[in-house]
Number of protein chains: 2
Amino acid sequence: MAVDRSHVLTAAAALLARRPTSSMDEIARAAGIGRATLHRHFAGRDALIRALEQLGIEQLTHALDAARLDEGAAPDALRRLVAEAEPVAGVLAFLFTENQLFEGEGINEGWTRLDARIHALFRRGQEEGDFRIDLGAAWLTEAFYGLIGAGAWAVHDGRVARNDLTHSIAELLLGGARRSMEK
Amino acid sequence: MAVDRSHVLTAAAALLARRPTSSMDEIARAAGIGRATLHRHFAGRDALIRALEQLGIEQLTHALDAARLDEGAAPDALRRLVAEAEPVAGVLAFLFTENQLFEGEGINEGWTRLDARIHALFRRGQEEGDFRIDLGAAWLTEAFYGLIGAGAWAVHDGRVARNDLTHSIAELLLGGARRSMEK
DNA sequence: CCTGAATGAGACAATTGCGTCTCACTCGAT
DNA sequence: ATCGAGTGAGACGCAATTGTCTCATTCAGG
């Protein structure tokens, strides 16, 4: 009977990512609940978006923890990160594309912290000689988000198999499209 | 005096990409014109989105033509494509993320054609041994769009220098983050 | 079998945005 | 200087959405 808050938010993210102008009613239907119930759990559209942001921060934080970014070689850590972040891709894709959140009040501090951790991973990889230095760590961080998002949509639209997603994202991010000669 | 249609659409794309719920008034202001004038040129919000889609198709088509995807090695062709597509990144980023366009009526045929051409480029690269085959051409196509979009936003938000954008996108797409041993 | 919390459906007013119109103004061309 | 097309500002009614409320129903636990 009790509504699964996380499930509602996930459904909302999936819908809003592809149709940001969806009404509260459409969001409720997508989550399989009534509009009244949706309003009981989230005061309004704004509150829903905030909750979505909060969920994304929590889940990505958890993914970062689970990936143990400081351990082992940077490329392996990145692979773990992609694997851990993939289930959260839907929510992340929405949050990455919709910056409407950040108006007036500055960017949520939580994001700054998460960005910094991912940024640090790429920087470590560069310092240890595993990652190239002609691509800035900031750009690699952005590219990470972009590929996570693109992957989530590609799976959602049936253009990429879910099973391949983690490998596709991680390998493209690490090795690119070009066929490598060595190894 | 005459309103620059292309300029209005570009401004609209830039705004809508980051704030899809923007009102017609906000869009008009962002383009530096009045709401009445906006309505004179585009019958309504739908017409505006359609025009945006049409502009994106035209510009990307032009970019694909200019990049001469069939000539030379696939990696070089991809580099040319990124260079040609980069100025259109803002519009593409919006269209890539907002699939609200395609409801009821199928996906615009123009996109199918463009997708096919990019897809063919990656396939050619794979067949000629320049691109790895463990990543599907469909995924590489999606990744191309995703990185173009991520790049556009990163530049817009000041996280990446515009001058580096083409290089950053093309090199990441081609070679990934990992430092290559050979070469 | 009760009881109560939670839900879905619907009604309701208030708000918001949309599309159209009018009117005064600006600017370029004649 | 005059004319006319194009524009911005604002008003207006209309449709859609929002947020709140009520009420009947459902379901879990005692």
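Details of the structure are given in the entry above.
Residues numbered from 1 in each chain as written. Chains lettered and ligands numbered in written order. Predicted model: local features only at pLDDT ≥ 70, side-chain atom pairs only at ≥ 80, totals over all residues. Heavy atoms only, no water.

*Asks:* Outline the relation of the copies chain A and chain B, supporting the account with residue identities and numerical values.
*Replies:* With an axial shift of 0.0 Å and an RMSD of 0.1 Å, the rotation relating chain A to chain B amounts to 180°. When the rotation and shift are considered jointly, the pair of chain copies conforms to a two-fold rotation axis. If distances are taken from each C-alpha of chain A to the rotation axis, the shortest is found for Gly-176 of chain A, at 1.8 Å. The overlap is high: 100% of the interface residues of chain A also sit at the interface in chain B, so the same surface is used on both sides. (Least-squares fit on C-alpha atoms with pLDDT ≥ 70 in both. Contact = heavy atoms within 4.5 Å.)

*Asks:* Which residues make up helix H6 (residues 89-97) of chain B, and what values do they have?
*Replies:* Counting buried residues in H6 of chain B gives eight out of nine residues, a clear majority hidden from the surface. Within H6 of chain B, the full set of buried residues consists of Ala-89, Val-91, Leu-92, Ala-93, Phe-94, Leu-95, Phe-96 and Thr-97 of chain B. (Buried < 20%, exposed > 50% of the residue type's maximum accessible area, 1.4 Å probe, protein only. Helix = DSSP H or I, 4+ residues; strand = E, 2+ residues; numbered from the N terminus.)

*Asks:* Quick rundown of the nonpolar core? Include the residues and the values.
*Replies:* Grouped together as the largest cluster of nonpolar side chains are 136 residues, with contacts concentrated most on Leu-78 and Phe-144 of chain A together with Leu-78 and Phe-144 of chain B. If we ignore the near neighbours within four places in the chain, the residues touching Leu-78 of chain A are Leu-121, Phe-122, Phe-131, Phe-144, Leu-173 and Leu-174 of chain A. (Core = buried A, V, L, I, M, F, W, Y, C linked by side-chain atoms within 4.5 Å.)

*Asks:* So what's going on with helix H1 (residues 5-18) of chain B? Residues and values would help.
*Replies:* Every α-helix carries 3.6 residues per turn, so stepping three or four residues along brings you back to the same face. Residue and element names in this part refer to chain B. Taking 1.5 Å of rise per residue, the 14 residues of H1 would be expected to cover 20 Å, and the 21 Å separating its terminal C-alpha atoms lies within 8% of that figure. By the burial criterion, the buried members of H1 are Val-8, Leu-9, Ala-11, Ala-12, Ala-13, Leu-15, Leu-16, Ala-17 and Arg-18. Put simply, Asp-4 is the residue that caps the front of H1, since its side-chain oxygen is 3.1 Å from the backbone nitrogen of Ser-6. (Expected span 1.5 Å × (residues − 1). Polar contact = N/O pair within 3.5 Å; in protein donor to acceptor, adjacent residues only side chain to side chain.)

Shape descriptors only; they carry no functional weight alone.
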